[in-house]
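Chain and residue survey
Take a look at the letters that make up each chain.
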Amino acid sequence: MKTANNLKKQEEIASTHKTAHKNFPMVPRVIFGAGCFSQLGDILLPQRKSSEAPFIFLVDDFFENTEFMAKVPLMFNDEIIFISAEEEPKTAQVDALVAQIREKYKEMPSGIIGIGGGTLLDLAKAVSILLNNKGLAKDYQGWDLVNKPALYHVGIPTISGTGAEVSRTTVLLGPEKKLGINSDFTPFDQVLLDPDFSETVPKEQWFYTGMDCYIHCVESLTGTYLNAFSQSYGEKALELCKEVFLEDVPAEESRDKLMMASWHGGMSIAYSQVGVAHAMSYGLSYLLGVKHGIGNCLVFQHLEEFYPEGVALFKKMMDKHSITLPKGICADLTQNDFDVMVNVSMGLEPLWENALGKDWKTKMTPERLQALFEKI
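The shown structure was predicted, so the numbers you read here are calculated from the model rather than taken from an experiment.

Side note on the nonpolar core
If you look at the biggest cluster of nonpolar residues, it comprises 61 residues, and the most contacted ones within it are Phe-207, Tyr-214, Met-280, Phe-300 and Leu-303. Broken down by element, this core gets its largest block of residues, ten residues, from helix H5 (residues 203–221). If sequence neighbours within four positions are ignored, Phe-207 has contacts with Phe-245, Phe-314, Met-317, Met-318, His-321 and Ile-323. Counting residues in hydrophobic clusters, the runner-up holds 36 residues, among them Ile-56, Ile-81, Ala-150 and Ile-181.

In structure tokens:
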């Protein structure tokens, strides 16, 4: 019977069903395998709108003046924009790229292709969003603020570990915070996973970026948000990280395994979250410009009280690969500097709730957080 009481109950049930579980998107198309980059041209061709609608390639400037550039499948008025990955991606950088593209081309681009590490992948995701949405990049820092779908965008990671190739966020340094554009429109439409790219990655960078994946797993698997979906991906990624960083795996196999660890690690936080290390790393990055991978490592080494097993294993990995982290990063900071880092870090509430529970504010005070920063 459709009595007022029954209708009210049905509305309550419908409302609960709408909010109880998040309906996340995933990357719809992915190709994996050594040398698969050679198929990019065939993949892009059906997506081309016209000869006047270019594909814009955002490429790590590491590849400028290398033989690799001859393999990029350019047609018509396609453009390559080389970008340095020395600094974390910024909202102002996204706005400048979007303005440059809009001014140069009469038609909207056919798509954006990011080739590089997490910095280039995040820039590609952000630029594709802002080309199709009004306003500035900083307006979309947060959760579910994007209203319109992004332009077609492709991610091609050249280093493994960040999970940026599969995540629904693009992390940017803004004028007031370091925070991602977390939305259903952020994930790539297509990803190419070609392990050959990571052959030339320097050892320290390989380690720091790989540890981003490892720390993803530890934070996801020990968090209060943990569920079977996150656990299944997180456990596989952790297993792969242990093989790569603790066992003597042949180089080619190691590249394959770390690329898949990155994918699984990124997937593990789709239905979960990261934790203390990432929250603190965001603060370090915002104030000091410390890159994300090494920032996570600088923080994680001091987090035994939160992740005792994870930190112990991390230190074994450091020893095996003879990695020495810099010291005294926060030695000369002023109280105002610490206040800025603490405020940026504590603003990432979902991360803290995942790490410490809903009452996290009673456990992690600004004073306690500053004491942790002072160890770095």
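So, the side chain of His-278
By secondary structure assignment, the location of His-278 is in helix H8 (residues 276–288). Here Glu-219 takes part through its side chain, which lies 2.6 Å from a polar atom of the side chain of His-278. In contact with His-278, not counting residues within four places along its chain, are Asp-212, Ile-215, His-216, Glu-219, His-292, Asn-296 and Leu-351.

A few points about the pattern of salt bridges
Inspection of the entire model under this criterion finds 17 salt bridges. Where Lys-178 meets Glu-88, a salt bridge forms, and the shortest distance between an N and an O atom there is 2.7 Å. Of the two residues, Lys-178 sits in strand S8 (residues 178–182) while Glu-88 sits in the loop between strand S3 (79–83) and helix H3 (91–104), which places them 90 residues apart along the sequence. The exposure class of Lys-178 is buried, given its relative accessible area of 2%. For Glu-88, a relative accessible area of 9% puts it in the buried group. Note that Asp-248 and Lys-320 form a salt bridge whose closest N and O atoms lie 3.0 Å from each other. Taken together, the residues Asp-248 in the loop between helix H6 (228–246) and helix H7 (251–268) and Lys-320 in helix H10 (residues 308–320) connect sequence positions 72 residues apart.

Details of the sheet that holds strand S5 (residues 142–143)
Read from one edge to the other, the open sheet built from three strands follows the order S5-S8-S7, with strand pairing classed as mixed. Here the strands that pair on one side only, and so sit at the sheet edges, are S5 and strand S7 (171–173). Pairing of S5 with S8 involves two bridges; the strand directions are parallel. Residue pairing in the sheet places Gly-142 in a bridge with Ile-181 of S8.

Quick word on the packing of H5 against H7
Running from amino to carboxyl end, H5 crosses H7 at an angle of 35°, the nearest separation of the two axes being 9 Å. The two elements H5 and H7 meet at a crossing, and its hand is left-handed. Residues Trp-206, Gly-210, Cys-213, His-216, Cys-217 and Ser-220 of H5 touch H7, and the partners they reach there are Leu-258, Ala-261, Ser-262, Gly-265 and Ser-268. Partitioning the contact of H5 with H7 into residue classes produces five nonpolar, six polar and no charged.

Topic: the environment of Leu-192
Looking at the secondary structure, you find Leu-192 in strand S9 (residues 190–193). Residues Leu-192 and Val-290, spaced 98 residues apart in sequence, show a C-alpha to C-alpha distance of 28 Å. Residue contacts for Leu-192: discarding those within four places in its chain leaves Ile-31, Cys-36, Phe-37, Leu-40, Ile-43, Val-154, Gly-155, Ile-156 and Pro-157.

Thoughts on the packing of aromatic side chains
Applying the stated criterion to the full structure yields 19 aromatic pairs. Judged by centre distance (6.4 Å) and plane angle (40°), the ring pair of Phe-207 and Phe-314 falls under tilted. Here Phe-207 is found in helix H5, whereas its partner Phe-314 is found in helix H10, with 107 residues between them in sequence. You'll find Phe-207 and Phe-314 in the same group, each marked buried. Each ring, one from Phe-300 and one from Tyr-307, has its centre 5.8 Å from the other, and the planes form 25°; the classification is stacked. Across the pair, Tyr-307 and Phe-300 agree in class, each one buried.

Section: the sheet that holds strand S6 (residues 153–157)
Spatially, the six strands line up as an open sheet ordered S1-S9-S6-S4-S2-S3, and their pairing is parallel. Since the sheet does not close on itself, it has two edges, and those belong to strand S1 (29–32) and S3, each with one partner. Going from strand to strand, the sheet's axes swing by 15° on average, the running direction of each strand aside. Across the sheet, H3 is in contact with strand S2 (55–60), S3 and strand S4 (111–116); its angle to S3 comes to roughly 160°.

What counts as what
- The numbers attached to residues start from 1 for each chain and follow its sequence in the written order.
- Whole-chain, interface and lining totals are the exception, using all residues; otherwise, since this is a predicted model, local features are given only for residues with pLDDT of at least 70 and side-chain atom pairs are given and counted only at 80 or more.
- Only hydrogens and water are set aside when side-chain values are computed; all heavy atoms of the structure are taken into account.
- Residues belong to one nonpolar core when they are buried, are Ala, Val, Leu, Ile, Met, Phe, Trp, Tyr or Cys, and are joined through side-chain atoms within 4.5 Å.
- Type-normalised accessible area, obtained with a 1.4 Å probe on protein chains alone, sets the label of each residue: buried when under 20%, exposed when over 50%, and partly exposed for intermediate values.
- Runs of E in the DSSP output that reach at least two residues are strands. Runs of H or I that reach at least four are helices, and both are numbered from the N terminus.
- Throughout, a contact is declared for two residues whenever any of their heavy atoms are within 4.5 Å.
- Think of a polar contact as two N or O atoms within 3.5 Å of one another; within protein, one of them needs to be a possible hydrogen donor and the other a possible acceptor, and neighboring residues in sequence only count if both atoms come from side chains.
- Any Lys or Arg side-chain nitrogen located within 4 Å of an Asp or Glu carboxyl oxygen qualifies as a salt bridge.
- For two strands to count as paired, DSSP must find a minimum of two bridges between them.
- Lines fitted to C-alpha atoms define the axes here, with helix axes fitted over just the stretch in contact, and angles between the N-to-C directions of these axes take values from 0 to 180 degrees.
- Should the near helix be turned anticlockwise from the far one by less than a right angle, the crossing is termed left-handed; should it be turned clockwise, right-handed.
- Throughout this entry, Asp, Glu, Lys and Arg are counted as charged residues, while Ala, Val, Leu, Ile, Met, Phe, Trp, Tyr, Cys and Pro are counted as nonpolar. The remaining residues, Gly among them, count as polar.
- Here is the rule: rings of Phe, Tyr and Trp (six-membered ring for Trp) pair when centre to centre is within 6.5 Å. Planes less than 30 degrees apart are stacked, more than 60 are edge-to-face, and the remainder are tilted.

Function cannot be inferred from these measures alone, as they are strictly geometric.
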